[in-house]
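Fold and contact review
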Amino acid sequence: MSKTYSFIPLLFTRLPESEQHARSAAFLALMQTRRTVRDFSPDPVLLSLITNAVATAGTAPSGANQQPWTFVVVSNPEMKRQIRAAAEAEEKESYERRMSDEWKAALAPLGTDWHKPHLEDAPYLIIIFKQAYGVNPDGTKIKHYYVDESVGIAVGLLLASLHTAGLATLTHTPSPMKFLGEICQRPEQERAMMIVAVGYPAPAAQVPTIGKKSLEEILIVLD
Ligand code: IYR
């Protein structure tokens, strides 16, 4: 017997073009003020802003709607200390031995090195895990589709929410990051993809003088 699937009418309101334009322009202007921040203040942040951002990320489209993500929020100082120590050990090895000169030259304008104080200074770390596959209650595996694309979209929405809430973020990818699964006690199918540090910028925070490509450089309209 074949299974049947249900559908419901879409709830959708067409907006007047003037309002479409106003909303779109306001969102663009807001997002254009986002900067990646590397120096955080330890000032506390409302947990509801973090949970709303994760809920927003959870609205992302995903391959076969499998939602192959887990967000672990860490604020405990001892856990942050452990994460920093493990990340710095890997990053020191990377910067001193694993990364090519070409890679380090590409990163030079950002001013990064193996020191990662933000992992302790920022009040929250959101650790994003991708679920490489799902697991049925009987232990059998469920194949997941377009996992990287799905999690990438979700993290984009997460960052947009945090920025809208007036918070600063740093997307950080210590490499390799297997230690995060161990510290956060995640199952084998969950692989850490990124740490997003969240908080307020330190009063003396600086950002590099880099910018985004112009619209002309990134857009091709074929008509
Ligand atoms: N993971 C390292 C190196 C690094 C790599 C890229 I590509 C960046 O855009 C920034 C940093 C680090 O976090 O320092």
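Since the model is a prediction, treat every value here as computed from it, not as a measurement.

Attention now goes to the nonpolar core. Ile126, Ile128, Leu158, Leu162, Val196 and Val198 are the most contacted members of the largest nonpolar core, which totals 23 residues. Within the residue set of this core, elements represented by two or more residues are α2 (47–57), β2 (69–74), β3 (124–131), α6 (147–164) and β7 (190–201). Broken down by element, this core gets its largest block of residues, seven residues, from α6. Within the second largest apolar cluster, 21 residues are counted, among which are Phe40, Val74, Ala122 and Met177.

On inspection of all chains with the given rule, the structure shows zero aromatic pairs. Positioned over the ring face of tryptophan 114 is lysine 92, at 5.4 Å from the centre of the ring.

Next up on the list: the environment of leucine 11. Along the chain, leucine 11 turns up in the segment before α1 (17–31). Put simply, leucine 11 and leucine 110 are 99 residues apart on the chain and 44 Å apart in space, counted from C-alpha to C-alpha.

Glancing now at a nonpolar patch on the surface. Taken together, the side chains of Leu215, Ile218, Leu219 and Val221 make up a nonpolar region of the molecular surface, amounting to roughly 410 Å² of accessible area. Within the secondary structure, valine 221 sits in the segment after α8 (215–218).

What follows covers the environment of glutamine 206. Looking at where glutamine 206 falls in the secondary structure, it is placed in the loop between β7 and α8. Taking the relative accessible area as the measure of exposure, glutamine 206 reaches 66% and is therefore exposed. Along the sequence, glutamine 206 and isoleucine 8 sit 198 residues apart, while their C-alpha atoms lie 50 Å from each other.

Moving on, we come to the layout of surface pockets. Where empty space is left can be seen by rolling a probe of water-molecule size over the atoms. In this structure, the largest pocket encloses a volume near 1,100 Å³. Forming the walls of the largest pocket are 32 residues, and the residues nearest its centre are Arg34, Thr36, Thr171, Ile210 and Lys212. Every element with two or more residues in the lining of the largest pocket is listed here: α1, α3 (77–98), α4 (101–107), β6 (168–172) and α8. Ranked by residue count, the leading element in the lining of the largest pocket is α3, at four residues. Of the residues contributing to the lining of the largest pocket, the split by class is 13 nonpolar, eleven polar and eight charged.

This brings us to the pairing of β2. The two faces of a sheet get side chains in turn, since along a regular strand they alternate between them. A large share of β2 lies buried, amounting to five of its six residues. Relative to β3, β2 runs antiparallel, the two sharing six bridges. What sits directly across from tryptophan 69, in β3, is lysine 130.

Thresholds, definitions, all that
- Residues numbered from 1 in each chain as written.
- Predicted model: local features only at pLDDT ≥ 70, side-chain atom pairs only at ≥ 80, totals over all residues.
- Heavy atoms only, no water.
- Core = buried A, V, L, I, M, F, W, Y, C linked by side-chain atoms within 4.5 Å.
- Buried < 20%, exposed > 50% of the residue type's maximum accessible area, 1.4 Å probe, protein only.
- Helix = DSSP H or I, 4+ residues; strand = E, 2+ residues; numbered from the N terminus.
- Phe/Tyr/Trp six-rings, centres within 6.5 Å; stacked < 30°, edge-to-face > 60°.
- Lys NZ or Arg CZ within 6 Å of the ring centre and 35° of its normal.
- Patch = residues over 30% accessible without salt bridge, like charges linked within 9 Å, V, L, I, M, F, W, Y side chains within 5 Å.
- Areas by Shrake-Rupley, 256 points an atom, 1.4 Å probe, with all protein chains shown as cover.
- Salt bridge = Lys/Arg side-chain N within 4 Å of Asp/Glu carboxyl O.
- 1 Å grid on protein atoms, 1.4 Å probe; cavity = no way out; pocket = protein on both sides within 12 Å on 5 of 7 lines; lining within 4 Å.
- Points joined across faces, edges and corners; volume = space filled by probe spheres on them.
- Nonpolar A, V, L, I, M, F, W, Y, C, P; charged D, E, K, R; others polar.
- Pairing = 2+ DSSP bridges.

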